Amino acid sequence: TNRGIAPDVNVPIIDLSPQDAGRGEQNQQATTIQLPPDADLFTLILNLSREDASQSYSLEITDRTNHPIWTSRNLRKSQYNNFSVALRRRSFPPGEYRLKIYGMRDGRRELIEEYAIRLA
């Protein structure tokens, strides 16, 4: 079978709550994510801590040294005040990552939420 187009079943879905991004602390407690051995795709639900009405959103994923790995400009907020992103394990080796949601307000990019994860 062609795995590239086959449906993925039993995809882990992880609900994340934001870190306290306003404090700017580097020692945030990362959420440890233990993926099943056969899982390649996993989905993160990024919950907002409050309502936000930015014109548009972007997502940046950085490694633990804050080096950007991946950015998406066309992030859309769901009616449940959260965002979803599906990642492939082969693109994200075990380690710590930060997910940062930015909102565009009056042409300025503002950090809205930050999530720290550790892939085991």
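Before reading further, recall that the structure is shown in the block above.
As the structure is a computational prediction, the values presented were derived from the model and not from experiment. (Residues numbered from 1 in each chain as written. Predicted model: local features only at pLDDT ≥ 70, side-chain atom pairs only at ≥ 80, totals over all residues. Heavy atoms only, no water.)

Draft legend 1. Geometry of the overall build of the chain. A count of helical and extended segments in the chain gives zero helices and eight strands. Each helix (α) and strand (β) of the chain, taken in turn from the N terminus, gives the series β-β-β-β-β-β-β-β. A burial count over the chain gives 41% of its 120 residues as buried. The long-range fraction of contacts in the chain, counting pairs at least 24 apart against all pairs at least 6 apart in sequence, stands at 69%. When the accessible surface of the chain is totalled, it reaches about 7700 Å², and 47% of it is carbon and sulfur. (Helix = DSSP H or I, 4+ residues; strand = E, 2+ residues; numbered from the N terminus. Buried < 20%, exposed > 50% of the residue type's maximum accessible area, 1.4 Å probe, protein only. Contact = heavy atoms within 4.5 Å. Areas by Shrake-Rupley, 256 points an atom, 1.4 Å probe, with all protein chains shown as cover.)

Draft legend 2. Focus on the sheet that holds strand S5 (residues 68-75). In spatial order, the strands read S2-S8-S7-S4-S5; together these five strands make up an open sheet with mixed pairing. Since the sheet does not close on itself, it has two edges, and those belong to strand S2 (31-33) and S5, each with one partner. Taken over all neighbouring pairs, the strand axes of this sheet differ in orientation by 25 degrees on average, direction set aside. Pairing geometry for strand S4 (residues 56-63) and strand S7 (residues 95-105), over eight bridges, is antiparallel. (Pairing = 2+ DSSP bridges. Axes fitted to C-alpha atoms, helices over the stretch in contact; angles between N-to-C directions.)

Draft legend 3. Molecular detail of the nonpolar core. Within the largest apolar cluster, 23 residues are counted, with the highest numbers of intra-cluster contacts made by Leu 44, Leu 46, Leu 59, Leu 99, Ile 101 and Ile 117. For this core, the secondary structure elements donating two or more residues are strand S1 (13-16), strand S3 (41-47), S4, strand S6 (82-88), S7 and strand S8 (108-119). Element by element, the count of residues in this core is highest for S8, at four residues. (Core = buried A, V, L, I, M, F, W, Y, C linked by side-chain atoms within 4.5 Å.)

Draft legend 4. Representation of the packing of aromatic side chains within the structure. Counted under the stated rule, the structure contains two aromatic pairs. Geometrically, the ring pair formed by Phe 92 and Tyr 97 is edge-to-face, given 5.5 Å between the ring centres and 80 degrees between the ring planes. According to the relative accessible area criterion, Tyr 97 is buried, its value standing at 7%. When the ring centre of Tyr 102 is taken as origin, the NZ or CZ atom of Arg 109, which lies over that ring, is 3.6 Å away. (Phe/Tyr/Trp six-rings, centres within 6.5 Å; stacked < 30°, edge-to-face > 60°. Lys NZ or Arg CZ within 6 Å of the ring centre and 35° of its normal.)

Draft legend 5. Molecular detail of unusual backbone geometry. In this model, Asn 10 sits at a positive phi of 55 degrees, which is unusual for a non-glycine residue. With respect to the element layout, Asn 10 can be found in the segment before S1. Accessibility expressed as a relative area gives 69% for Asn 10, which makes it exposed. A positive phi angle, near 50 degrees, is found at Asp 106, a position not held by glycine. Structurally, Asp 106 is set in the loop between S7 and S8.

Draft legend 6. Structural detail: the sheet that holds S6. If you trace the three strands from one edge of the open sheet to the other, you get S1-S3-S6, paired in mixed fashion. Two strands in the sheet have a free side with no partner beyond their single neighbour: S1 and S6. Each adjacent strand pair in this sheet contributes to an overall mean axis angle of 20 degrees, direction not counted. Pairing between S1 and S3: four bridges, direction parallel.

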